[in-house]
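# Notes for the structure review
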Amino acid sequence: MLLAIPTPGAATSLALKPVPVRSTNAVSPEIPSTLVTSRAVPPILSSPTYMIYAWECNKDVWDAKRRAESGNVSAMRDLATWYYYGCRGLPKDNATSYAWCRRAADLGCTISMTTMCKCFLLNSDMADLYSPTLGVYYLTQAADNGYAGACVMLGTAFMKGQHGLPKDDALAERWLKSAMVKHDATNGLKIMARLLLEKLQVSS
């Protein structure tokens, strides 16, 4: 970029000297080239604050992968979440997110079982991962092991006859009532279960 700067002692309209000015869009060489596109990277990305943030994200991801490979279920859940949303500097990758979720689920994590069903196995938008049969299996496992969120999902499925399950008001009521007494049930989840039960009773 060139700006016309008046030459000292000369009339502005007569003597103009082009002086190079450094672009404000310059990107620090530490920024990955994959992030740099024409006028797409704001100057903030070259700031020390951004570099510290990027370093902390990479550190968190590295630490989570190390712990996950050692069998830490919480780290597996973190990685599944980060890949699902494409955050912490990771790309959005449903297949990798599912893989970490499945590993945690197979180690008995009821939260991962339920998340895997909600986001992948029972989500028809996930064409490659959609599997109602496997989803109902994991959802039932999570509900049987006392996870309130899974109880609500299973009760709703029986109430509406979803995911290949029959419409069964008795089973729907059983699972919804079960959700309301679970120790991990949040107030929001209890309210949801109660409203579904009321709707079930009205329709009966």
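Cut-offs applied
- Residues numbered from 1 in each chain as written.
- Predicted model: local features only at pLDDT ≥ 70, side-chain atom pairs only at ≥ 80, totals over all residues.
- Heavy atoms only, no water.
- Helix = DSSP H or I, 4+ residues; strand = E, 2+ residues; numbered from the N terminus.
- Buried < 20%, exposed > 50% of the residue type's maximum accessible area, 1.4 Å probe, protein only.
- Contact = heavy atoms within 4.5 Å.
- Areas by Shrake-Rupley, 256 points an atom, 1.4 Å probe, with all protein chains shown as cover.
- Core = buried A, V, L, I, M, F, W, Y, C linked by side-chain atoms within 4.5 Å.
- Phe/Tyr/Trp six-rings, centres within 6.5 Å; stacked < 30°, edge-to-face > 60°.
- Lys NZ or Arg CZ within 6 Å of the ring centre and 35° of its normal.

### Some remarks on the overall build of the chain
For the chain, the count of helices and strands is eight helices and two strands. Counting from the amino terminus, the chain carries its helices and strands in the arrangement β-β-α-α-α-α-α-α-α-α. The buried share of the chain, taken over its 204 residues, is 34%. When contacts within the chain are restricted to residue pairs at least 6 apart in sequence, those whose partners lie at least 24 apart make up 37%. For the chain, the computed accessible surface area is about 12,600 Å², with 57% contributed by carbon and sulfur atoms.

### Let's talk about the nonpolar core
Core analysis: the largest hydrophobic core is formed by 50 residues, its most contacted members being Leu79, Trp100, Met116, Phe120, Tyr138 and Leu154. Secondary-structure elements contributing two or more residues to this core are helix H1 (48-69), helix H2 (73-85), helix H3 (94-106), helix H4 (110-121), helix H5 (132-144), helix H6 (148-160), helix H7 (169-180) and helix H8 (187-203). Counting residues per element, this core draws most heavily on H6, at eight residues. Here Met116 is in contact with Tyr98, Cys101, Arg102, Ala105, Leu121 and Tyr138, once residues within four sequence places are set aside.

### Here's the deal with the packing of aromatic side chains
Tallied over the entire structure, the rule returns four aromatic pairs. Ring centres of Tyr84 and Phe120 lie 5.7 Å apart, and the angle between their planes is 90 degrees; on these two criteria the pair is classed as edge-to-face. Residue Tyr84 is found in helix H2, and its partner Phe120 is found in helix H4; the two are separated by 36 residues along the sequence. Ring pairs connect the aromatic residues Tyr84, Tyr85, Tyr98 and Phe120, which therefore count as one cluster. Above the face of the Tyr84 ring, Lys92 is positioned so that its terminal group lies 4.6 Å from the ring centre.

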